[in-house]
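Next come the chains, spelled out residue by residue.
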Amino acid sequence: MDTKRPKDQPIAAILLARAHDPDDATRIFTEKIQQRPLFLAPSSPPPSNARAARRRAQEKKKQQRKKALKPQPLSATQRRRFGLYNVPREAQRYALFEPLHQLWLGYVREILGSEVYTGGEGAAAKLASADFHGAGVEVVRSGCVSRVGIRGIVVKDSKFAFEVVTRRDVLKLVPKEGTVFRFEVPVPVSVSGLGEGEGEKGEVQTSTMVFEIHGEQFQFRSADRASRKFRAHFSKKL
């Protein structure tokens, strides 16, 4: 038996020719061997921490899916460009903010408690962390003389300025630096008019407590003042 084969003939074609007819051997060799794709497998073994790697990949996919579903918050630049915190001109009316002012009076009486009658250091510490949205303020001293006398309701308590709506429906921007603001809080002091047969009916007399705040001591956002601890210190401008 001659075991020699042509140099250009593959060993697979020779073996197929022994088992099949020449036509079938050629067809099988062409379809099953020559045109068959060759898939290469990695030569290195899988890492020992393959399970941890698969878990990290799954968590990464979950986070990407959550980010795709949850909209991203607007940046400070986008909020300013869209004017989200600007008071529209049609809303710059004093009568529109009077209910907010009444709510603020109840709020400040509640946080001051009994110190609304006496004032002092305790009231000052509480006012330092209070929110002034809705407060009725008046500029009593300022480095700019033209700002003295401005009076209205605070509609925006930003870090460096108060935005105030006056009774003439004009929005004023008053910087806190170098400015002293005054606000008044009416408080009940006594009940009069009680007599025989009148029961609990009577007239409630009120008094007005006047507080003055130095704007330079309030150059913080209202949200930051609520959690900030203020310490007493000497200021040359006071």
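Residues numbered from 1 in each chain as written. Predicted model: local features only at pLDDT ≥ 70, side-chain atom pairs only at ≥ 80, totals over all residues. Heavy atoms only, no water.

**What about the pattern of salt bridges?**
- A complete count under the given rule lists seven salt bridges for this structure.
- In this structure, R151 engages E184 in a salt bridge whose closest nitrogen and oxygen atoms are separated by 4.0 Å. You can see R151 sitting in strand β2 (residues 151-157) and its partner E184 sitting in strand β5 (residues 179-192), a full 33 residues away along the chain.
- Judged by relative accessible area, which is 35%, E184 ranks as partly exposed.
- Because the salt bridges share partners, they merge into one network encompassing E138, R151 and E184. (Salt bridge = Lys/Arg side-chain N within 4 Å of Asp/Glu carboxyl O. Helix = DSSP H or I, 4+ residues; strand = E, 2+ residues; numbered from the N terminus. Buried < 20%, exposed > 50% of the residue type's maximum accessible area, 1.4 Å probe, protein only.)

**Things to note about the confidence of the model for the protein**
- Residues with a pLDDT of 70 or more make up 82% of the protein, whose mean pLDDT is 80.
- pLDDT under 50 marks residues 193-199. Its contacts with residues more than four places away, or in other chains, come to six contacts. (pLDDT = per-residue confidence, 0-100. Contact = heavy atoms within 4.5 Å.)

**Examining a nonpolar patch on the surface**
- A cluster of nonpolar side chains, namely L74, F82, L84 and Y85, defines an oily patch on the protein surface of about 430 Å² accessible area.
- Structurally, L74 can be placed in the loop between α3 (50-69) and α4 (76-82). (Patch = residues over 30% accessible without salt bridge, like charges linked within 9 Å, V, L, I, M, F, W, Y side chains within 5 Å. Areas by Shrake-Rupley, 256 points an atom, 1.4 Å probe, with all protein chains shown as cover.)

**Let's talk about the pairing of strand β3 (residues 161-166)**
- Of all six residues in β3, six are buried, a share of seventy percent or more.
- Where β2 meets β3, five bridges bridge the pair, whose relative direction is antiparallel. Paired with D157 across the bridge in β3 is F162.
- Looking at chain direction, β3 and strand β4 (residues 171-175) are connected through five bridges and run antiparallel. In the strand pairing of β4, A161 is matched with P175.
- From the end of β3 to the start of β4, which pair antiparallel, there are four residues, and D169 there has a positive phi angle of about 60°. (Pairing = 2+ DSSP bridges.)

**Re the nonpolar core**
- In this structure, F132, F183 and F211 are the most contacted members of the largest nonpolar core, which totals 25 residues.
- Looking at this core, the elements with two or more residues in it are α5 (94-112), α7 (121-128), β1 (136-142), β3, β5 and β6 (203-214).
- Apart from the residues within four sequence positions on either side, F211 is in contact with L112, V116, G119, A123, L127, F181, R182, F183 and V185.
- Core analysis: the second largest hydrophobic core is formed by seven residues, V87, Y94, F97 and V165 among them. (Core = buried A, V, L, I, M, F, W, Y, C linked by side-chain atoms within 4.5 Å.)

**Digging into the packing of α5 against α7**
- The interhelical angle for the contact between α5 and α7, taken along N-to-C directions, is 130°, at an axis separation of 10 Å. If you check the angle between α5 and α7, you find them oblique. Here α5 and α7 pass one another in a crossing that is right-handed. Along the contact surface, α5 presents V108, I111 and L112, while α7 presents A123, K126 and L127.
- Looking at the contact of α5 with α7, its residues break down into five nonpolar, no polar and one charged. (Axes fitted to C-alpha atoms, helices over the stretch in contact; angles between N-to-C directions. Parallel < 35°, antiparallel > 145°, perpendicular 65-115°, else oblique. Left-handed = near helix turned anticlockwise from the far one by under 90°. Nonpolar A, V, L, I, M, F, W, Y, C, P; charged D, E, K, R; others polar.)

**Overview of the environment of D157**
- Checked against the element boundaries, D157 lands in strand β2.
- The buried category is assigned to D157, whose relative accessible area is 6%.
- Considered as a pair, D157 and Q219 are 62 residues apart in the sequence and their alpha carbons are 9.8 Å apart.
- Apart from residues no more than four positions distant in its own chain, D157 is found in contact with D131, F132, H133, F162, K176, S222 and R225.
- Reaching out from D157, the side chain makes a polar contact with the side chain of K176 at a distance of 3.0 Å. (Polar contact = N/O pair within 3.5 Å; in protein donor to acceptor, adjacent residues only side chain to side chain.)

**Description of unusual backbone geometry**
- Of note, the phi angle at D169 is positive, near 60°, even though the residue is not glycine.
- Locating D169 in the fold gives a position in the loop between β3 and β4.

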